[in-house]
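Residues per chain, in single letters:
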Amino acid sequence: KAGVTQTPRYLIKTRGQQVTLSCSPISGHRSVSWYQQTPGQGLQFLFEYFSETQRNKGNFPGRFSGRQFSNSRSEMNVSTLELGDSALYLCASSPNVGASYEQYFGPGTRLTVT
Amino acid sequence: DAKTTQPNSMESNEEEPVHLPCNHSTISGTDYIHWYRQLPSQGPEYVIHGLTSNVNNRMASLAIAEDRKSSTLILHRATLRDAAVYYCILGLDSNYQLIWGAGTKLIIKP
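Rules of the game
- Think of each chain on its own: its residues are numbered from 1, step by step along the sequence as written.
- Working convention: letters from A go to chains and numbers from 1 go to ligands, in the order in which they are written.
- Given that this is a predicted model, residues contribute local features only at a pLDDT of at least 70 and side-chain atom pairs are listed and counted only at 80 or more, while totals for whole chains, interfaces and linings are drawn from all residues.
- The side-chain quantities take in all heavy atoms of the structure and omit both hydrogens and water.
- Each helix is a run of H or I in the DSSP string that is no shorter than four residues. Each strand is a run of E no shorter than two, and both are numbered from the N terminus.
- Radius of gyration here is computed from C-alpha atoms only, and the compact-globule reference equals 2.2 Å multiplied by the residue count raised to the power 0.38.
- Only protein chains enter the calculation, and the probe is 1.4 Å; a residue is then buried if its accessible area is under 20% of its type maximum, exposed if over 50%, and partly exposed in between.
- Here the open area of atoms and residues is found with the Shrake-Rupley method and a 1.4 Å probe, where only the protein chains shown may cover a residue.
- Lys and Arg are tallied as positive, Asp and Glu as negative. Neither His nor the chain termini are counted.
- We put the charge of a Lys on NZ, of an Arg on CZ, of an Asp on CG and of a Glu on CD.
- In this analysis, two residues are considered to be in contact whenever any of their non-hydrogen atoms come within 4.5 Å of each other.
- Two parts placed together each lose some accessible area under a 1.4 Å probe, and adding up what both lose gives the buried area.
- Two N or O atoms count as a polar contact when they lie within 3.5 Å, although within protein this holds only if one can serve as hydrogen donor and the other as acceptor, and sequence-adjacent residues are included solely when both atoms are side-chain atoms.
- Asp, Glu, Lys and Arg are counted as charged, while Ala, Val, Leu, Ile, Met, Phe, Trp, Tyr, Cys and Pro are counted as nonpolar; the rest, among them Gly, fall into the polar class.
- For two strands to be treated as a pair, DSSP must find at least two bridges joining them.
- Working convention: axes come from line fits to C-alpha atoms, limited for helices to the stretch in contact. Angles between N-to-C directions cover 0 to 180 degrees.

S.K.: Pulling in residues and values, what's your account of the overall build of chain A?
M.R.: For chain A, the helix and strand inventory stands at 0 helices and 11 strands. Order of helices (α) and strands (β) in chain A, N terminus to C terminus: β-β-β-β-β-β-β-β-β-β-β. Its C-alpha atoms give chain A a radius of gyration of 13 Å, within 12% of the compact-globule value 13 Å for 114 residues. Viewed in the frame of its principal axes, chain A has a C-alpha envelope of about 35 × 25 × 25 Å. When the 114 residues of chain A are sorted by exposure, 51% land in the buried category. Carbon and sulfur atoms form 46% of the exposed surface of chain A, whose accessible area is close to 5300 Å². For chain A, the separation between the mean place of its 11 positive charges and that of its 6 negative charges on side chains is 4 Å.

S.K.: Help me get a handle on the environment of K69 of chain B, residues and values and all.
M.R.: All names here are of chain B. Tracing the chain through its elements places K69 in the loop between β6 (61-64) and β7 (70-75). Overall, K69 belongs to the partly exposed group, its relative accessible area being 40%. Linking K69 and S28, residues 41 residues apart in sequence, is a C-alpha distance of 9.2 Å.

S.K.: Break down the interface of chain A and chain B for me, with residues and values.
M.R.: Taken together, the contact between chain A and chain B spans 19 residues of the former and 17 residues of the latter. The three residues of chain A that bury the most area against chain B are L43, A99 and F105 of chain A, which together make up 34% of that side's buried surface. In this assembly, chain A and chain B are joined by 4 residue pairs in polar contact (both at pLDDT 80 or more). Among the secondary structure elements, those contributing two or more residues to the side of chain A that touches chain B are β4 (31-38), β5 (42-50), β6 (53-57) and β9 (87-94) of chain A. Residue classes in the side of chain A that touches chain B are distributed as 10 nonpolar, 6 polar and 3 charged.

S.K.: Residues and numbers for the sheet that holds strand β2 (residues 18-23) of chain B, please.
M.R.: Residues and elements named next belong to chain B. With respect to topology, 4 strands assemble into an open sheet ordered β2-β7-β6-β5, the strand pairing being antiparallel. Looking at strand neighbours, the two that pair on one side only are β2 and β5 (55-56), the edges of this open sheet. Inspection of the sheet shows β6 paired to β7 by 4 bridges, in the antiparallel sense. Along β7, the bridge assignment pairs I64 with S71.

S.K.: Mind laying out the pairing of strand β3 (residues 19-24) of chain A, listing which residues take part and the relevant values?
M.R.: Residue and element names in this part refer to chain A. Of the pairings in the sheet, the one linking strand β1 (residues 5-7) to β3 comprises 3 bridges and is antiparallel in character. Residue T5 lies in a different strand from β3, and its bridge partner there is S24. Taken together, the 5 bridges between β3 and strand β8 (residues 74-78) define a ladder with antiparallel strand orientation. Bridging across to β8, S22 finds its partner in E75.

S.K.: An account of the sheet that holds β8 of chain A is requested, with residue identities and associated values reported.
M.R.: All names here are of chain A. Taking strand neighbours across the sheet as the criterion, the 4 strands line up as β1-β3-β8-β7 in an open arrangement whose pairing is antiparallel. Two strands lie at the open edges of the sheet, namely β1 and β7 (64-68), each paired on one side alone. Going from strand to strand, the sheet's axes swing by 20 degrees on average, the running direction of each strand aside. Two strands pair when backbone bridges link them, and β7 and β8 are joined in this way by 5 bridges, in the antiparallel orientation. Residue pairing across strands places F64 opposite V78, the latter belonging to β8.

Written as structure tokens, this is what we have:
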């Protein structure tokens, strides 16, 4: 089975712009979660989608949004980019929703905001 | 708030067992304990998880204290490829979120 794929792998944007990141989960997985990883804050949960519905949301401003399509592929969008949004954005898929399921991570998208 | 506490770093010799500790005193009765690791420039990788009893898989063993307030990840024979940041995580039964700690950087000496 192919693993979780994320596109693009690297991105450079300017303050004030908006960006869309894409994630394709492992075939058959219905849950997709997004995380932001920075050296100072570590791994922080953004949101989780299951069957096209946002089930959980972390403590991030409304500039961060996401969606999931019927084929379980997911996108996240960040509007009005700030310098502090520079981070590694990780997507993880899981076969189902629940605390007992393991997550499988993609390689991440490295976003740099200048 | 649910959280985990781990040492910032640990060193071990190659081909020796490694015991990585984690405290999670705020754990609820139905929360799961997960371990992931992250190699440089890669996304995190699932290692093992459990609820109450000890768990074994091909990568590692997870020993959970009887009161569930702490756990230990055991790598039976460390190799240089095991050098990574190891995260101890609570999987909350209340909302299914994974609560990540700061992780332990494991250094393997040849």
